[in-house]
Structure formats: C-alpha cells, structure tokens
Amino acid sequence: MTELGDGTRCVHGGGPAPGVGEPLHPGPVLSSTFELGLPGDPAGADFYGRAGNPTWRVLESAIGGLEGGDCTLFASGMAATAAVLLSCARGGEVVLPSDGYYLARALAADLGLPVRLVPTTLAAEAPMHDVALVLLETPSNPGLDVCDIVVVAARAHAAGALVAVDNTTATPLGQRPLELGADLVVASDTKALAGHGDVVLGHVTTADPALAARLRDTRTRGGAVPGPMEVWLAHRGLGTLDLRLERQAANARALATALRGHPAVRDVRWPGLADDPAHAVAARQMRRWNGVLRFTLRDPAAVGAFLAASRFVESATSFGGLRTSADRRERWGDDVASGLVRLSAGCEDTADLVEDVLAALD
Ligand SMILES: *Cc1c(COP(=O)(O)O)cnc(C)c1O
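Attention here is on the structure that accompanies the text. (Residues numbered from 1 in each chain as written. Predicted model: local features only at pLDDT ≥ 70, side-chain atom pairs only at ≥ 80, totals over all residues. Heavy atoms only, no water.)

### A word on the packing of aromatic side chains
Phase 1 of the analysis: Enumeration over the complete set of coordinates arrives at 3 aromatic pairs.
Phase 2 of the analysis: Measuring from centroid to centroid gives 6.1 Å for F295 and F306, while their planes differ by 85°, and the two rings are edge-to-face. Linking F295 in strand β9 (residues 292–296) with F306 in helix α11 (residues 300–309), this pair joins segments that are 11 residues apart in sequence.
Phase 3 of the analysis: It is K191 that lies over the ring of Y101; its NZ or CZ is 5.5 Å from the centre.
Phase 4 of the analysis: The cationic tip of R331 hangs over the ring face of W332; the distance from NZ or CZ to the ring centre is 5.2 Å. (Phe/Tyr/Trp six-rings, centres within 6.5 Å; stacked < 30°, edge-to-face > 60°. Helix = DSSP H or I, 4+ residues; strand = E, 2+ residues; numbered from the N terminus. Lys NZ or Arg CZ within 6 Å of the ring centre and 35° of its normal.)

Written as structure tokens, this is what we have:
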C-alpha cells in the first residue's frame, strides 16, 4: 500500500476510531488518580497521573506513528533532552553541537557529563572513540547548518555510541531521523508541532523497546511529566501541522529570496534555497522544508529598527507558531554576530509578509 500523505497522517494519527456514541473529539483526561479496584482485580491501564495518562498515549501514538517509533512525552523540550542525557549518556563522552540549542550544553555541564563540542557542519568527521552519545541538531538552531545523519550514525554505531537527533526545527514531517539510522529523536513540541504558541511540551521517540522503557522510567522517576491539557492542545495543533508547514515554508522561501536582494541584509540562510550551503545534504535527508530562516543586519540597533517598523514580525523567541516572529540570538549568549536574526515565518499571506518585511528594512 502506498504511504498516506502528511495531511491525512496528521489528521488521523493518534488512536483507535471511537465506538458508537463515543466522542469523536474526546477532551483531556485531567484526573491525577485512577480506580485501582480490589485485591485480585486485574490491573487497569492507569493508576497515577505521574506514571501514565490516556491523553498522553493518544498524542504519543500520533507522534510515534509519524516518526516510526515509540514516543514518550515530556513536560518540555528541555525535559526531553534531560531524559536522554540522564538515561543514555553514561559511560563515555557526549558529543554536542557547539552551535545548537544553548541549554543542552548548559545542562550537560550541570550534570557533570564529559562533553565534546563539535560544530554541526563537522559532525560527520568528529572522533567517536570513548563516546556514549552523539546529540545532533540538524538543521541547527539558530545557524541552520546541517549534518549527514546517515554518515554520523554509521560512524557512531561502529564505535558503540548512541545517536540522538534534535528534530525540533525539522518537525516529524520534515525529517525522520530513525529511518536515517538515529537511535533517538528528541524535540521541543513547543515550537511548530503544537504550533500555536500556547503550550510548552517535548518528546523523545525511539524504535528500541529497551530505550523506550528506560525513558519512561526516567520520566516517572524524574517527574518531568506533561500536563494533560497541554498534551491535548498539542494534539489539536498537530492536526494542522501539514497545512501550517506548507504556508510557513512558502513564506520562508519568499522571504529568504527577497531578503537576499536587500542591501541591508547579509548571510541569508534557509536550507530550502538551492544554493544554500546546507541544501545538498538537507535535500537528501529531509522530506520537506519549514519556516525557519536566519539573516544578519548591521548591529542590534538595526534589528531594533526593523522590529519597530514591522507590522507583522513579532519580537519574540520560540518559533514555528502562527505569527511570524524574529529573535536576535546574541542576546541569549549564542556565539553569533550581534545582528543575527532567526526569523520564524508564520502563516500570514505571503504577499503581505514580504511587503511588510521589505518596508520595515527600508
Ligand atoms: C526550544 C528548543 C529546545 C527546548 O525546548 P523547550 O520546549 O523550550 O524546553 C530544544 N531544542 C531546540 C532546537 C529548541 O529550539
């Protein structure tokens, strides 16, 4: 059978069809505790809200279906990263991207893990001896560089290391790291997956049942559990991920093309552009593009003037939401030019957005 399309998979992922008279759109199960029954009764599916929840399982099934593995939700993307570092990074060094999400490096340092920092573009050549875990971020945030997951996974596995890919920017529709050889996918669903800027959530997916069990134990013991309401909202958001990505990627392509032609703008990067340095590898391993691009203005004052003049570009961190937003990354300590802007193209009409951005730059 041919594989179903992304839109169908997003709309229908997540669970058994309802029985007659059951809700087509069930609400979140908010109960923290579940009926245990009497001694001798068979165990139920759930007993306590930190260990399990039916609303979690629906979204876990939907995301796991898209990514080809067993998904475990966490309270945030960082809780998901923490669970991977706690449960998969012992007994060797951890390779982390020097240009990836800054809190992953800070957390590994807090945990006292021996860390080897490698730029994303050099990950395929990184030495792998004595490594327990390689965490990749491709495309990287905020630089939007990429690395070849197939090559890194083969080299890491030959050295006995596990490979995790932070798939936040790509989304489950944009890239399937498990099919490319990774052992784990980790992601912040706060971004495009939930997609409406009203939820903090994360997940880890793996096709290895032993790793999945370890991650669930880490969640239950560490307690970084998601709220059922957040999970329910994220599942509602996931239903339109295909539609939102399509508009966001079209907007990103139009903006990247327009920005390149503007004299005040340097270093426009969006992996979907045919001559972007990341394009060849990205086109080989990604299934589709997304709305995240970056460019550099002269200095922080120029970024401020751009944001003040724009009608539609919000000054905000995070990305992947309905509204276009821009974030000057040096303020968070990223090792980038002071005028570097990560821009998340939203779902506005392309013509309105391009006109607004060009006018704000002038
Ligand atoms: C936002 C982000 C995270 C952290 O996720 P939270 O949900 O904010 O905890 C991790 N990795 C990347 C690439 C991110 O963009």
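Next comes the rest of the account.
### Re the nonpolar core
Phase 1 of the analysis: Within the largest apolar cluster, 33 residues are counted, with the highest numbers of intra-cluster contacts made by L259, W270, L293, F295, L297, F306 and L343.
Phase 2 of the analysis: Listed by contribution, the elements that provide at least two residues to this core are α9 (241–260), β9, α11, β12 (340–344) and α12 (350–361).
Phase 3 of the analysis: Among the elements that make up this core, the one with the highest residue count is α9 (6 residues).
Phase 4 of the analysis: With sequence-adjacent residues up to four places away left out, L293 is seen in contact with L144, A252, A256, L259, R269, W270, V341, R342 and L343.
Phase 5 of the analysis: By size, the runner-up hydrophobic cluster in this structure holds 23 residues, among which are A79, A80, L133 and V204. (Core = buried A, V, L, I, M, F, W, Y, C linked by side-chain atoms within 4.5 Å. Buried < 20%, exposed > 50% of the residue type's maximum accessible area, 1.4 Å probe, protein only. Contact = heavy atoms within 4.5 Å.)

### Describing the state of the cysteines
Phase 1 of the analysis: With the rule as written, the count across this model stands at 0 disulfides.
Phase 2 of the analysis: For C147, which is in no disulfide, the shortest distance to another cysteine sulfur is to C88 and amounts to 18 Å.
Phase 3 of the analysis: In this structure C147 comes out as buried when scored by relative accessible area, which is 4%. (Disulfide = S-S within 2.5 Å.)

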